[in-house]
Amino acid sequence: MAQLSRSVGIILVLIIGFVVQLIFSMADAIDTPNKAVVEFSKAYFELDKSMTKRICKKQLASEDVDVVDEYLYFAAKTASERGFDINFLKNKLYHIETETISKNDTEAQIRITGKIRVAINSVYPVVANLFDIGSTHEVDKIIRVIKEDGQWKVCGKLFSLTST
């Protein structure tokens, strides 16, 4: 009898865990302005071309050249001039907090704060934090977000990506 109740308990815990995981995955799939700003910011500081997915069409079309490719080219050039690979300019954004300044159905202003630390590879930020080496820099920026084609995208002045 004790064996049966233990099995039922384990099965019940597994079912509850599955349901909770399903709820969390559905909640994560919802697109919000805050999520758009965080995804863009992480990709921006990691010098990841995927940031293009979160930039509005107006911003991408406002220049004669691809602003993301130009930004990544200048980052690689800067690193090369300093005698490094582009990986030495990558940063990891952490301790991220967002605050909604204003929001309506099609537009929002989101304030993002956090810290960045050099992230030469995926292990470096952990080791740097553990041994308190390297410096951190504060990030505090208000970013305009618009809803475009059913998805929230960042627009306006995007850190130092563009001059507008």
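No experiment lies behind these values; they were computed from the predicted model shown.

Calculation notes
Residues numbered from 1 in each chain as written. Predicted model: local features only at pLDDT ≥ 70, side-chain atom pairs only at ≥ 80, totals over all residues. Heavy atoms only, no water. Disulfide = S-S within 2.5 Å. Helix = DSSP H or I, 4+ residues; strand = E, 2+ residues; numbered from the N terminus. Buried < 20%, exposed > 50% of the residue type's maximum accessible area, 1.4 Å probe, protein only. Patch = residues over 30% accessible without salt bridge, like charges linked within 9 Å, V, L, I, M, F, W, Y side chains within 5 Å. Areas by Shrake-Rupley, 256 points an atom, 1.4 Å probe, with all protein chains shown as cover. Salt bridge = Lys/Arg side-chain N within 4 Å of Asp/Glu carboxyl O. pLDDT = per-residue confidence, 0-100. Lys, Arg positive; Asp, Glu negative; His and termini not counted. Contact = heavy atoms within 4.5 Å. Phe/Tyr/Trp six-rings, centres within 6.5 Å; stacked < 30°, edge-to-face > 60°.

A. Layout of the state of the cysteines. Considering all chains together, one arrives at 1 disulfide under this definition. Two residues, Cys56 and Cys155, share a disulfide whose sulfurs are 2.0 Å apart. Handedness here is read from the sign of the S-S torsion; for Cys56 and Cys155, about 60°, the answer is right-handed. Here Cys155 lies in strand β4 (residues 151-155) and Cys56 lies in the loop between α2 (33-45) and α3 (57-61), a separation of 99 residues in the sequence. The residues Cys56 and Cys155 share a single accessibility class, namely buried.

B. Inspection of a nonpolar patch on the surface at higher detail. Side chains of Ile11, Leu12, Ile15, Ile16, Phe18, Val19, Val20, Leu22, Ile23, Phe24 and Met26 sit close together on the surface and give an oily, nonpolar patch of about 1,100 Å² of accessible area. In this structure, Leu12 sits in helix α1 (residues 2-28).

C. Local environment of the confidence of the model for the protein chain. Mean pLDDT for the protein chain: 85, with 93% of residues reaching 70 or above. Between the elements of the protein chain, mean pLDDT differs from a low of 76, seen in helix α5 (residues 124-130), to a high of 93, seen in α2.

D. Summary view of the side chain of Lys153. Tracing the chain through its elements places Lys153 in strand β4. Buried charge Lys153 goes without a salt bridge, the closest partner of opposite sign being Glu148 at 4.2 Å. With sequence-adjacent residues up to four places away left out, Lys153 is seen in contact with Lys53, Arg54, Ile55, Cys56, Arg144, Val145, Ile146 and Glu148.

E. Local environment of the packing of aromatic side chains. Applying the stated rule across the entire model yields 5 aromatic pairs. The interplanar angle of 15° and the centroid separation of 4.8 Å between the aromatic rings of Tyr44 and Tyr71 together place this pair among those described as stacked. Of the two residues, Tyr44 sits in helix α2 while Tyr71 sits in helix α4 (residues 67-81), which places them 27 residues apart along the sequence. An identical accessibility class is assigned to Tyr44 and Tyr71; each is buried. Every member of this aromatic cluster is reached through a ring pair, and the members are Phe40, Tyr44, Phe45 and Tyr71.

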